[in-house]
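# Working through the structure, step by step
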Amino acid sequence: MEQPLVSIYSLTYKSSKTILETLESIYNLTYPNIELVISDDASPDDTVELCRKWVETHKDRFVRSTILTVSKNTGVAENQRRAIKACKAEWIKGVAGDDALYPNCVETFMNFVSEHPDARMVVGKTGRFDTFLDDDHFIEEHGSRAMPIYKVSTAKQQYDILLSWACIDAPAVFYHKSVFEIPELQNCGYMGLEDYPFFLRYTKLGNRIYFCDELVCKYRKSSTSLQLTGNYGNLITKSYLAHFFEETHNYYHGLDKIARYGVNIYDWIQCYTKSLFLRKLLKYMLYDSGISDMSSSDI
């Protein structure tokens, strides 16, 4: 019996230095039945040309391959919408043009959803890397059952947690296409922030996000990463004010600032220090997990 088709889309913008590594990771997926959609947001470099040459050489790997281009930059949210609209499969996995997928990513997710037929959005674990996606630059695994959002059992509880902490790693999310057909989720997002408003609204509508305890993707953290730019925090605040003012203008909004700054400190430590002690301490503070295995030798 043939396995269901899965769509992989890659969003690119000035990705010429990294996109080939991303595409090779898609090519090397263990899951056989895949279509590839590349959506470029008016890159001024040779990203599109590199993609076209690569696809021409590797097109036999895919059931279908498409490259989408536009003449004017529209932002990541609109670029994602174009890519998803072009996807033909029932299940969809996205990957940025500077990240990569582990070989068993799609196979892992498809096994998970076959065992959890109610799941429509699933989050896996992310391997975080500093600038380069090799073993020497590995920082940590991100995502754990100990995280509060995965310890609770209802969408309402997840929504309340998301109000005070943007804790879901978008690169590790696997979607059923029906998610994008929900009217309230269409046109949800900003030029530089497509994921967080989406997760908030999805859970607010009563939809639970499932967790798969497996590494599925590689996330590249560098000085140019969106989450490390000053504008990222402003976009999160804008998301609140535009869509969730009634819930967040007082109590939750204040909590978010505290939580967001705490996570930013955590991310900074992960990127710029090799102290295992500090990593474990921060995980304890954020995830309510034990640190009995910490010792002075970790410092």
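All of these numbers come straight from a predicted model, not from anything done at the bench.

The rules behind the values
- Residues numbered from 1 in each chain as written.
- Predicted model: local features only at pLDDT ≥ 70, side-chain atom pairs only at ≥ 80, totals over all residues.
- Heavy atoms only, no water.
- Salt bridge = Lys/Arg side-chain N within 4 Å of Asp/Glu carboxyl O.
- Helix = DSSP H or I, 4+ residues; strand = E, 2+ residues; numbered from the N terminus.
- Buried < 20%, exposed > 50% of the residue type's maximum accessible area, 1.4 Å probe, protein only.
- Core = buried A, V, L, I, M, F, W, Y, C linked by side-chain atoms within 4.5 Å.
- Contact = heavy atoms within 4.5 Å.
- Expected span 1.5 Å × (residues − 1).
- Arc of directions from axis to C-beta.

### Observations concerning the pattern of salt bridges
Tallied over the entire structure, the rule returns 12 salt bridges. The residue Lys-53 makes a salt bridge to Glu-49 at a minimum N-O spacing of 3.2 Å. Of this pair, Lys-53 and Glu-49 are both found in helix 2 (residues 47-58), four residues apart, which corresponds to roughly one turn of the helix. Lys-53 sits in the exposed class, given a relative accessible area of 53%. For Glu-49, a relative accessible area of 45% translates into the label partly exposed. Note that Arg-128 is salt-bridged to Asp-169, the shortest N-O span being 3.2 Å. In this pair, Arg-128 is assigned in strand 6 (residues 121-130) and Asp-169 in the loop between helix 6 (155-164) and strand 8 (173-176), connecting sequence segments 41 residues apart. Note on Arg-128: relative accessible area 4%, which makes it buried.

### A closer look at the nonpolar core
Ranked by size, the top nonpolar core spans 64 residues in total, and within it Ile-8, Ile-26, Met-121, Val-122, Ile-168 and Phe-199 carry the most contacts. Ranked by the residues each element gives to this core, the list is headed by helix 4 (residues 105-115), at six residues. The contacts of Ile-26, once residues within four sequence positions are left out, are Ile-8, Leu-36, Arg-61, Phe-62, Val-95 and Leu-101.

### A closer look at helix 2
The end-to-end C-alpha distance of helix 2 is 16 Å, a good match for the 16 Å that 12 residues give at a rise of 1.5 Å each. Of the residues making up helix 2, those classed as buried are Thr-47, Val-48, Cys-51, Trp-54, Val-55 and His-58. Around the axis of helix 2, the buried residues are gathered within 130° of arc, so they sit on the same side. In helix 2, the exposed residues that point more than 90 degrees away from the buried face are Lys-53, Glu-56 and Thr-57. Each element contacted by the buried residues of helix 2 is listed here: strand 1 (6-12), helix 1 (19-27), strand 2 (34-40) and strand 3 (64-68).

### Some details on helix 6
Within helix 6, seven of the 10 residues are buried, which leaves it mostly tucked inside the rest of the structure. Among the residues of helix 6, those classed as buried are Ala-155, Gln-158, Tyr-159, Ile-161, Leu-162, Leu-163 and Ser-164.

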